Amino acid sequence: MSQIQNHNFANQRALIRVDFNVPVKNGAITDDTRIRAALPTIRKVLADGGSVILMSHWGRPLKDIEKKPNLTLADFSLKPIIAHLSELLHTTVAFADDCIGADAMQQAHDLKPGEVLLLENLRYYKQEEKGDKDFAEKLSKLGDVYVNDAFGTAHRAHASTAVIAQFFPGEKKMFGLLMESEVKAAENVLHNNKKPFTAIIGGAKVSDKILIIENLLEKATDIIIGGGMAYTFFKAEGGDIGSSLCEDDRLDMALALMKKADEKGVSIHLPADSIIADKFSNDANCSSALSNEIPSGWMGLDIGQMAIANFKKIICESKTILWNGPMGVFEMDKFQHGTKAIADAVVEATKNGAYSLVGGGDSVAAVNMFGLADKVSYVSTGGGAMLEYFEGKELPGIAAIAK
Ligand code: AMP
């Protein structure tokens, strides 16, 4: 593979896989974070005197149309992105109505240095998600070099994210700048971490986080478990959790995880106390209780004061921090205090020299909501991809270029 910083794109057509799967309402983009995240790579190619062909997916057109026959492919078009992208790049963006075929070929071929072409949604073709080799080869003909900057889909072995790489020799395929920074941040945490290394894992379900916890048992010194998933652990230990979230089919697994952590010398920290509520609502009656003594009819919706103090101390003594998942129902004002306090602690630890990565899941939404995203070392753009990376899985989008 080539390094994008060292590559000169002059007079080359760079075929860049981006993730422009942005939220759109009534034809207007409601959050352009993913588009902005791809700009440094696009600007690098243009500044070198190259041209850019952008390809992305948007939504799940074929699957959704099958379920809702009133939808058409046009409802999944990337066209709403053209004007906004032109504005951000201060240049005209051309559009090909079909991501493969004669017109796309012609438009890509005719690009002059400094010009940008956006291709229509890759997922108009079922071959994209199937990782079809012929489809990938057709796409590959559109560019001289292949750049993958779509970390958000790096965990998919799709035609444009992984299979396509085989049609480019080593020096003509590379990560984009976003992808590179995501991979570097993840490696800092997983492979080049300084100890103590604390992983903060929260969110709703243990079943969603089991693989990441298991993998982190091999890497971390401390694992803080918060959010709804903590109550499965308390119940497994014989505690009373009222009507808190619980996966009864995962009780044995929770015990097994704790036993494994013990054997490996990894400290698992559960929230000693909780903010409890009499219903799942912002206008519920609230109180506090030990997390293993929650009265019936009440549910734990946030971590309590003792838990906050304990978790803060651990976080502030850490040199590496990974945070995945909120400590409570942070979407409701009443139950966001714990998540905010943990975010503040991660910020403080970062100020004192720790490396902190927030990635994969709602903790990213939480740090954005609290306005703290620029006060931690790295906030990942790739939810599912980052999660799979921390589960120890090989990501096809990374492997296809790195190998
Ligand atoms: P995840 O996507 O697994 O990271 O889960 C995030 C979701 O977990 C958020 O929507 C939170 O509201 C929810 N959550 C966190 N703590 C609790 C809790 N104690 N009870 C119920 N839901 C929770």
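Structure's up top.
Calculation notes
- Residues numbered from 1 in each chain as written.
- Predicted model: local features only at pLDDT ≥ 70, side-chain atom pairs only at ≥ 80, totals over all residues.
- Heavy atoms only, no water.
- Helix = DSSP H or I, 4+ residues; strand = E, 2+ residues; numbered from the N terminus.
- Buried < 20%, exposed > 50% of the residue type's maximum accessible area, 1.4 Å probe, protein only.
- Contact = heavy atoms within 4.5 Å.
- Areas by Shrake-Rupley, 256 points an atom, 1.4 Å probe, with all protein chains shown as cover.
- Lys, Arg positive; Asp, Glu negative; His and termini not counted.
- Charge placed at Lys NZ, Arg CZ, Asp CG, Glu CD.
- Pairing = 2+ DSSP bridges.
- 1 Å grid on protein atoms, 1.4 Å probe; cavity = no way out; pocket = protein on both sides within 12 Å on 5 of 7 lines; lining within 4 Å.
- Points joined across faces, edges and corners; volume = space filled by probe spheres on them.
- Nonpolar A, V, L, I, M, F, W, Y, C, P; charged D, E, K, R; others polar.
- Salt bridge = Lys/Arg side-chain N within 4 Å of Asp/Glu carboxyl O.
- Near = heavy atom within 4 Å.
- Polar contact = N/O pair within 3.5 Å; in protein donor to acceptor, adjacent residues only side chain to side chain.
- Bend = angle between axes of the 7 residues up to and from the residue.
- Right-handed = clockwise from strand over helix to strand, strands pointing away.

(A) Representation of the overall build of the protein chain in the model. Looking only at helices and strands, one finds 15 helices and 19 strands in the protein chain. By principal-axis analysis of the C-alpha atoms, the protein chain measures approximately 70 × 50 × 35 Å. Looking at the protein chain residue by residue over its 403 residues, the buried ones come to 54%. Partitioning the intrachain contacts of the protein chain with sequence separation of at least 6 by distance along the chain shows that 73% fall at a separation of at least 24. For the protein chain, the accessible area works out to roughly 17100 Å², and carbon and sulfur atoms hold 49% of it. Between the mean site of the 43 positive side-chain charges and the mean site of the 52 negative ones, the protein chain shows a separation of 3 Å.

(B) Main features of the sheet that holds strand S9 (residues 197-201). Ordered in space as S12-S10-S9-S17-S18-S19, the 6 strands form an open sheet in which the pairing is parallel. The strands lining the two open edges of the sheet, one partner per strand, are strand S12 (267-269) and strand S19 (378-379). Of the pairings in the sheet, the one linking strand S10 (residues 222-225) to S12 comprises 3 bridges and is parallel in character. Bridge pairing links Asp222 to Ser267 in S12.

(C) Quick look at empty space enclosed by the protein. For the structure shown, the criterion picks out 1 cavity of 30 Å³ or more. Around the largest cavity, the lining residues are Val18, Asp19, Arg34, Ala37, Ala38, Asp149, Ala150, Phe151, Gly152, Leu178 and Thr381. Tallying contributions element by element places helix H1 (residues 33-48) first for the lining of the largest cavity, with 3 residues. When grouped by side-chain class, the residues that make up the lining of the largest cavity number 6 nonpolar, 2 polar and 3 charged.

(D) Region of the structure containing the pattern of salt bridges. The final tally for this structure, using the stated rule, is 19 salt bridges. Residues Asp19 and Arg34 are paired through a salt bridge, measuring 3.6 Å at the closest nitrogen-oxygen approach. Of this pair, Asp19 sits in the loop between strand S1 (13-17) and strand S2 (24-25) while Arg34 sits in helix H1; the two residues are 15 residues apart in sequence, bridging distant segments of the chain. A relative accessible area of 10% places Asp19 in the buried class. Two residues, Lys340 and Asp344, come together in a salt bridge whose shortest N-O distance is 3.1 Å. On the criterion of helical spacing, the pair formed by Lys340 and Asp344 is a turn pair, its members being 4 residues apart in helix H12 (residues 337-351). For Lys340, a relative accessible area of 29% puts it in the partly exposed group. Overlapping salt bridges bring together Lys63, Arg123 and Glu129 as one network.

(E) Expanded view of the site of the ligand. Every one of the 16 residues lining the ligand counts as a neighbour, but Ala204, Lys209, Gly228, Gly300 and Glu331 are closest to it. A distance of 3.4 Å separates an oxygen atom of the ligand from a polar atom in the side chain of Asp362. When isolated, the ligand has an accessible area of 510 Å², and the protein chains bury 84% of it. Across the shell around the ligand, the residue classes break down as 7 nonpolar, 6 polar and 3 charged.

(F) Looking closely at H1. For H1, the principal kink sits at Leu39 and spans about 35 degrees; a proline, Pro40, occurs within the next four residues. Among the residues making up H1, those that are buried are Ile35, Ala37, Ala38, Leu39, Thr41, Ile42, Lys44, Val45 and Leu46. Where H1 terminates, the next one or two residues include Gly49, which has phi positive at roughly 95 degrees.

(G) Highlighting the pairing of strand S18 (residues 355-358). The pairing of strand S17 (residues 320-324) with S18 spans 4 bridges and is parallel. Of the residues in S18, the one forming a bridge with Trp323 is Val358. Regarding the hand of the β-α-β motif, the stretch spanning S17, H12 and S18 is right-handed. Relative to S19, S18 runs parallel, the two being bridged by 2 bridges. In the strand pairing of S19, Val358 is matched with Val379.

(H) Inspection of the side chain of Thr232 at higher detail. Position of Thr232 relative to the elements: it lies in helix H9 (residues 230-236). Not counting residues within four places of it along the chain, the set of residues in contact with Thr232 comprises Val206, Leu245, Cys246, Glu247, Arg250, Leu251 and Ala254.

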